[in-house]
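The residues making up each chain are set out below.
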Amino acid sequence: DDITIDGSTISDSGDFTLDIGGDISLDAAGDQIRFKDNGTEVGHVNMDSSNLTIRSTVSDKDIIFTGNDGGVSVTALTLDMSAAGAATFNDKIIATEL
């Protein structure tokens, strides 16, 4: 095994899989869960004041929602951060009255 535990850091030289029989809870008293790529933060989830905020932290990089449509990968929504968060939907917008 090549898992290293050093202080408050757990690292592995390859892919890392958590296979849990129950739920996974992330409990961050500092209010943020950070996503990094090779040490550079690319986004985070902030839970300050019980609000849930998703943030792309790299300048002008987008937030993209993708899914699987009959076996084909589709981009359903792009929030363009270089255009002040302009929203581009792949198809139509459907609004229903409540």
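Residues numbered from 1 in each chain as written. Predicted model: local features only at pLDDT ≥ 70, side-chain atom pairs only at ≥ 80, totals over all residues. Heavy atoms only, no water.

**Regarding the overall build of the protein chain**
Along its length, the protein chain carries zero helices and eight strands. Along the protein chain, helices and strands appear, N-terminal first, in the series β-β-β-β-β-β-β-β. Here the C-alpha atoms of the protein chain give a radius of gyration of 18 Å, more than 25% beyond the 13 Å that 2.2 N^0.38 yields for 98 residues. With the C-alpha coordinates of the protein chain rotated into their principal frame, the extents come out at 50 × 35 × 30 Å. Residue burial in the protein chain is summarised as follows: out of 98 residues, 8% are buried. Relative to all contacts within the protein chain whose residues are 6 or more apart in sequence, the contacts with residues 24 or more apart total 1%. Accessible surface, the protein chain: about 8,500 Å² in total, of which carbon and sulfur atoms supply 48%. (Helix = DSSP H or I, 4+ residues; strand = E, 2+ residues; numbered from the N terminus. Rg over C-alpha atoms; globule rule 2.2 N^0.38 Å. Buried < 20%, exposed > 50% of the residue type's maximum accessible area, 1.4 Å probe, protein only. Contact = heavy atoms within 4.5 Å. Areas by Shrake-Rupley, 256 points an atom, 1.4 Å probe, with all protein chains shown as cover.)

**Thoughts on the sheet that holds strand β4 (residues 40-46)**
Taken together, the three strands give an open sheet; going across it, the order is β3-β4-β5, and neighbouring strands pair in antiparallel fashion. Looking along the sheet, the strands with just one partner apiece sit at the ends: β3 (32-37) and β5 (53-56). Geometrically, the sheet is characterised by an average inter-axis angle of 20 degrees between neighbouring strands, direction not taken into account. One ladder, built from four bridges, connects β4 with β5; its direction is antiparallel. Residue pairing in the sheet places His44 in a bridge with Arg55 of β5. (Pairing = 2+ DSSP bridges. Axes fitted to C-alpha atoms, helices over the stretch in contact; angles between N-to-C directions.)

**Quick word on the confidence of the model for the protein chain**
Of all residues in the protein chain, 100% have pLDDT values of 70 or greater, and the mean over the chain is 93. Averaged pLDDT values for the elements of the protein chain fall to 91 in strand β2 (residues 9-11) and rise to 97 in strand β6 (residues 63-69). (pLDDT = per-residue confidence, 0-100.)

**Brief notes about the environment of Ser56**
Here Ser56 lies in strand β5. The exposure class assigned to Ser56 is buried, which follows from its relative accessible area of 17%. Sequence-distant contacts of Ser56, that is, excluding residues within four places in its chain, are made with Val42, Gly43, Lys61, Asp62, Ile63 and Met81. Of note is the side chain of Ser56, whose polar atom sits 3.1 Å from the backbone oxygen of Lys61. (Polar contact = N/O pair within 3.5 Å; in protein donor to acceptor, adjacent residues only side chain to side chain.)

**A short note on the layout of surface pockets**
With a probe scaled to a water molecule rolled over the atoms, the places where space remains empty come into view. Approximately 280 Å³ is the volume attributed to the largest pocket. Ile10, Phe16, Leu18, Leu26 and Ile33 are the residues that line the largest pocket. In terms of residue class, the lining of the largest pocket is built from five nonpolar, no polar and no charged. (1 Å grid on protein atoms, 1.4 Å probe; cavity = no way out; pocket = protein on both sides within 12 Å on 5 of 7 lines; lining within 4 Å. Points joined across faces, edges and corners; volume = space filled by probe spheres on them. Nonpolar A, V, L, I, M, F, W, Y, C, P; charged D, E, K, R; others polar.)

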